[in-house]
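Structural overview for review
What follows is the residue order along each chain.
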Amino acid sequence: MAYQDLPYEVVHLPLVDSTNRLALELARREGKKHGTVILADQQSGGRGRGSRSFSSPPGGLYISVILRPQLPVDDLPHITLATGNACADAIEQVTGIKIKLKWPNDLYAQGKKIGGILTEASAYSNITKSIPFVVAGIGVNLNTPLEFLPDSLHDNAASLYSFSGVTYEISALVEALIGTLLKEVDLLQDNKDNMVMRWQERDYLKGKSIIWQTPAGDNIRGTGKGLLPDGRYLLTTSGGDDYPVLAGDIAITEINGLKIK
Ligand code: BTN
């Protein structure tokens, strides 16, 4: 499938600093439409959640989609979650490898991070009383040879190629992903609960020992109890205190009784 045959515009570049940065610029400056796709073979300044970088060597999928959903501002976290569902469905369809979702934005397979999502929104408009557009940025270590990833990621990250030895068609994943993503975002307008339910079925943290690093710098330990309908993630401490987590990072501290340092 050639990108120009798809029913939305695809801007495909061999190299860019960040597809999210470019997508935000094109949405703002050129008013690019809902569903416009910015795709790159490599990124020199890939952005991750919480001001982290996202390593983007050749072989991966680096894509940002401009979305102009009719949603209240409070529903924006649901776009990241819906994008997770779309990524999981599309990756499974193309590779046959089972995907789990780690709240709020990580894609996992076989216990390793194989990709992530970074949703960035335009500034709130006081005129329309809404967010004019959102960019859903997705990075997937698809055909990435592990030696192309920095050493610091080798313990926790992998690529789909590293599991199967198969080199996948990036355009097949793009096509499956965008179709699924646009449907997921459409569905959010009238039924968030259905999206949340499907996300819960892929929950990577549920039942695991986890640690929440709060934005204030505190560490709270507990067990992952699952995604709440409003998009927050529930941690319960051993003393029975509930923390609905909205921001900050969650890390796993133990898998099958093994402590993770
Ligand atoms: C994360 O793991 O923290 C999120 C990573 C998101 C990476 C993607 S790659 C395409 C898009 N462009 C970016 O600069 N970031 C996102």
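Because the structure is predicted, anything quoted here is derived from the model rather than measured.

**Here we look at the nonpolar core**
The tendency in soluble globular proteins is for nonpolar side chains to be buried as a group. Counting residues in hydrophobic clusters, the biggest one holds 61 residues, and the most contacted among them are Ile 63, Ile 91, Trp 103, Ile 114, Val 140 and Leu 160. Within the second largest apolar cluster, 12 residues are counted, among which are Leu 22, Leu 24, Ala 40 and Val 135.

**Section: the pairing of strand 10 (residues 233–236)**
Neither face of strand 10 is exposed, since Tyr 233 and Leu 235 on one face and Leu 234 and Thr 236 on the opposite face are all buried. If you look at the hairpin formed by strand 9 (residues 219–227) and strand 10, you'll find 5 residues sitting between the two strands, and Gly 231 has a positive phi there, around 95°. With 4 bridges joining them, strand 10 and strand 11 (residues 242–245) adopt antiparallel strand pairing. By the bridge assignment for strand 11, Tyr 233 is matched with Val 245. In textbook terms, the turn of a hairpin is the stretch between consecutive antiparallel strands, and for strand 10 and strand 11 this stretch comprises 5 residues, one of which, Gly 240, has a positive phi near 95°.

**Some words on the layout of surface pockets**
Gaps left between atoms show up when a probe the size of a water molecule is rolled over them. In this structure, the largest pocket encloses a volume near 1200 Å³. If you list the elements that add at least two residues to the lining of the largest pocket, you get helix 1 (19–30), strand 3 (61–67), strand 5 (106–109), strand 6 (112–121), strand 7 (134–140), strand 8 (209–213) and strand 12 (249–255). When its residues are assigned to classes, the lining of the largest pocket shows 19 nonpolar, 19 polar and 12 charged. Arg 49, Leu 76, Pro 77, Thr 80 and Pro 104 are the residues nearest the centre of the second largest pocket, which is lined by 18 residues in total. For the lining of the second largest pocket, the secondary-structure elements that each account for two or more residues are helix 2 (76–95) and strand 6. Examining the composition of the lining of the second largest pocket, we find that 5 residues originate from one element, strand 6, more than from any other. Class assignment for the residues of the lining of the second largest pocket results in 12 nonpolar, 4 polar and 2 charged.

**Section: the site of the ligand**
The immediate surroundings of the ligand are formed by 20 residues, with Ser 18, Thr 19, Arg 47, Arg 49 and Lys 113 found nearest. A distance of 3.4 Å separates a nitrogen atom of the ligand from a polar backbone atom of Asn 20. Arg 47 places a main-chain nitrogen or oxygen 2.7 Å from an oxygen atom of the ligand. If you map the ligand onto the pockets, it falls in the largest pocket. Mapped onto the shell around the ligand, the elements with two or more residues apiece are helix 1, strand 3, strand 6 and strand 7. Per-element accounting of the shell around the ligand gives the leading share, 4 residues, to strand 6. Counted by class, the shell around the ligand contains 5 nonpolar, 11 polar and 4 charged residues.

**Quick word on the side chain of Asn 85**
Mapped onto the fold, Asn 85 is located in helix 2. The exposure class assigned to Asn 85 is buried, which follows from its relative accessible area of 1%. In this structure the side chain of Asn 85 is engaged in a polar contact, spanning 3.1 Å, whose partner is the backbone oxygen of Met 195. Engagement of the side chain of Asn 85 in a polar contact is seen with the backbone nitrogen of Trp 199, the distance being 3.5 Å. Apart from the residues lying within four places of it in its own chain, the contact partners of Asn 85 are Leu 101, Glu 184, Met 195, Arg 198 and Trp 199.

**A look at empty space enclosed by the protein**
Within the structure shown, the criterion is met by 1 cavity of 30 Å³ or more. Estimated volume of the largest cavity: approximately 40 Å³. Partitioned by chemical class, the residues of the lining of the largest cavity number 7 nonpolar, no polar and no charged.

Cut-offs and rules
Residues numbered from 1 in each chain as written. Predicted model: local features only at pLDDT ≥ 70, side-chain atom pairs only at ≥ 80, totals over all residues. Heavy atoms only, no water. Core = buried A, V, L, I, M, F, W, Y, C linked by side-chain atoms within 4.5 Å. Buried < 20%, exposed > 50% of the residue type's maximum accessible area, 1.4 Å probe, protein only. Helix = DSSP H or I, 4+ residues; strand = E, 2+ residues; numbered from the N terminus. Pairing = 2+ DSSP bridges. 1 Å grid on protein atoms, 1.4 Å probe; cavity = no way out; pocket = protein on both sides within 12 Å on 5 of 7 lines; lining within 4 Å. Points joined across faces, edges and corners; volume = space filled by probe spheres on them. Nonpolar A, V, L, I, M, F, W, Y, C, P; charged D, E, K, R; others polar. Near = heavy atom within 4 Å. Polar contact = N/O pair within 3.5 Å; in protein donor to acceptor, adjacent residues only side chain to side chain. Sits in = over half its atoms within 2 Å of the grid points. Contact = heavy atoms within 4.5 Å.

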